[in-house]
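Descriptive structure summary
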Amino acid sequence: MKHNIHPCLWYDGNAKTAAEFYCSLFPNSKITTDTPLVVNFNLDGQKFMGLNGGPTFKPNPSISFFVISESNDEINELYKQLSEGGMVMMPLDKYDWSEQYAFIQDRFGLSWQIMKGKYSDVNQKITPCFLFTDERFGKAEESVKFYTGIFPGSSVSGILLYQENEGAQVKGKVKHSQYIIDDKVFMAMDGAGEHKFGFNEAVSFVVECSNQEEVDYYWDKLTADGGQESMCAWLKDKFGVSWQIVPAKLGELIGSPDKEKAGRAMQAMLKMKKIIITDLQKAYDGN
């Protein structure tokens, strides 16, 4: 079961503006879908979705996007562009873990970590990074095991824990971890101290499924142990991370050129939590 897992970024009407901005920053990038609701785009070959969902959710640093670069010039340019109109949380400088590193929120509120390092350490230009804070502090290692236990073919690249000499509060917590699900790299770390932010729907992850069996499998696994069902293919897992479990058939039906049939499928979808493909098809067919 290989899927196209990709991030979905929530916007208040400016998804295309954001997509155009991000595409200007990375080579081999382009907008692939442009509708009033959804703007899909590729950044250096990686798929992202921009969703014009309204003002309800705002991104925060609990999920950031880690960019590895071997070029000082690229790092300087990314830092300049991403910090303009945004907020610098850690300025571009030399740190213990890298000679060039910065942590910033861009003008759209999305958080980025830019670091000089070897591309071969990740083999992926942009990597989602989960920061476990406040009541979820200390859950990073559990999350790595949870996600790699759900997605077939997953692996853990490495988990680096804080040592005793780094403080009693952080000892044994995750300083940095890297793992692979669906052939894509993810990162997770624990964030000590008081942050007053956590996971929300502003950054979610779409799992594209080929059939109902896969939808059922991921829905059940990701809502287990305290996860929550939401509406229209959305759920939250036990850590509060949002996912969308989407059958390929959904896009086909609600995107149909037959507007009447597509409208019936859309109305049926809006009443669902988990997507039931046969019910969608019945609505589309007018049954």
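Predicted model only: the values in this text are computed from it and were never measured. (Residues numbered from 1 in each chain as written. Predicted model: local features only at pLDDT ≥ 70, side-chain atom pairs only at ≥ 80, totals over all residues. Heavy atoms only, no water.)

On to the sheet that holds strand β14 (residues 228-229), then. Whenever strands of a sheet pair, they do so through backbone hydrogen bonds, lying parallel or antiparallel. Reading across the sheet, the eight strands line up as β2-β3-β4-β1-β13-β16-β15-β14 and stay open at both edges, with mixed pairing between neighbours. Single-partner strands in this sheet number two, and they are β2 (30-34) and β14. Where strand β1 (residues 5-11) lies against strand β4 (residues 46-52), four bridges are found, and the strand directions are parallel. Paired with Leu9 across the strands is Gly50, a residue of β4. The sheet strands contacting helix α4 (residues 212-223) are β13 (203-209), β14, β15 (234-236) and β16 (242-247), and the helix crosses β16 at an angle near 165 degrees. (Pairing = 2+ DSSP bridges. Helix = DSSP H or I, 4+ residues; strand = E, 2+ residues; numbered from the N terminus. Contact = heavy atoms within 4.5 Å. Axes fitted to C-alpha atoms, helices over the stretch in contact; angles between N-to-C directions.)

With that settled, consider the pattern of salt bridges. Pairing between side chains of opposite charge can happen when the charged atoms of each approach one another. Evaluated as defined, the whole model comprises 16 salt bridges. One salt bridge in this structure joins Glu201 and Lys236, with 3.5 Å as the shortest N-O distance. You can see Glu201 sitting in the loop between β12 (184-190) and β13 and its partner Lys236 sitting in strand β15, a full 35 residues away along the chain. The exposure class assigned to Glu201 is buried, which follows from its relative accessible area of 17%. Residue class for Lys236 comes out partly exposed when judged on its relative accessible area of 22%. The partner of Lys238 in a salt bridge is Asp225, and the shortest N-O contact between them spans 3.9 Å. One end of the pair, Lys238, is in the loop between β15 and β16; the other, Asp225, is in the loop between α4 and β14, and 13 residues separate them in sequence. The exposure class assigned to Lys238 is partly exposed, which follows from its relative accessible area of 25%. Members of the salt-bridge network, linked through shared partners, are Lys139, Glu142, Asp225 and Lys238. (Salt bridge = Lys/Arg side-chain N within 4 Å of Asp/Glu carboxyl O. Buried < 20%, exposed > 50% of the residue type's maximum accessible area, 1.4 Å probe, protein only.)

This part covers the state of the cysteines. Enumeration according to the criterion identifies zero disulfides in this entry. Take Cys8: it sits in no disulfide, and the sulfur closest to it among the cysteines is that of Cys232, at 13 Å. Cys232 sits in the partly exposed class, given a relative accessible area of 21%. (Disulfide = S-S within 2.5 Å.)

Judged by pairing direction, the sheet is mixed, and its eight strands sit side by side in the order β6-β7-β8-β5-β9-β12-β11-β10 without closing on themselves. With one partner strand each, in any of the chains shown, β6 (87-95) and β10 (155-161) form the two edges of the open sheet. Pairs of neighbouring strands in the sheet enclose a mean axial angle of 20 degrees, with direction left out of account.

Counting 57 residues, the largest nonpolar core has Tyr22, Trp112, Phe130, Trp243 and Ile245 as the members making the most contacts within it. The residues contacting Phe130, other than those within four sequence positions of it, are Ser62, Ile63, Tyr179, Phe186, Met187, Ala188, Met189, Phe199, Phe205 and Val241. Membership of the second largest hydrophobic core comes to 20 residues, among which are Val38, Trp234, Ala265 and Ala268. (Core = buried A, V, L, I, M, F, W, Y, C linked by side-chain atoms within 4.5 Å.)

Within the secondary structure, Ser204 sits in strand β13. Residue Ser204 is classed as buried on the basis of its relative accessible area, which comes to 0%. Sequence-distant contacts of Ser204, that is, excluding residues within four places in its chain, are made with His6, Pro7, Cys8, Trp234, Ser242, Trp243 and Gln244. Of note is the side chain of Ser204, whose polar atom sits 3.1 Å from the side chain of Gln244. (Polar contact = N/O pair within 3.5 Å; in protein donor to acceptor, adjacent residues only side chain to side chain.)

As a further point, take helix α3 (residues 140-150). By the burial criterion, the buried members of α3 are Ala140, Ser143, Val144, Phe146, Tyr147, Thr148 and Ile150. Each element contacted by the buried residues of α3 is listed here: β9 (126-132), β10, β11 (174-181), β12, α4 and β16.

To continue, consider the pairing of strand β5 (residues 63-69). Across a regular strand the side chains alternate sides, sitting on one face of the sheet and then on the other. In terms of residue burial, β5 counts as a mostly covered element, since seven of its seven residues are buried. Going residue by residue along β5, you find Ile63, Phe65, Val67 and Ser69 tucked away on one face and Ser64, Phe66 and Ile68 tucked away on the opposite face as well. Note that β5 and β9 share five bridges and pair antiparallel. By the bridge assignment, Val67 is partnered in β9 with Ile126. As defined by bridge partners, β5 adjoins strand β8 (residues 111-116) across six bridges and the pair is classed as parallel. Bridge assignment links Phe66 to a residue of β8, and that residue is Gln113.

Looking now at the packing of α3 against α4. Two numbers describe how α3 lies on α4: the axes approach to 10 Å, and their chain directions differ by 160 degrees. Our classification of the angle between α3 and α4 gives roughly antiparallel. As for how α3 packs across α4, the hand of that crossing is right-handed. Together, Phe146, Tyr147, Gly149 and Ile150 of α3 and Tyr217, Tyr218, Lys221 and Leu222 of α4 make up the contact between the two elements. (Parallel < 35°, antiparallel > 145°, perpendicular 65-115°, else oblique. Left-handed = near helix turned anticlockwise from the far one by under 90°.)

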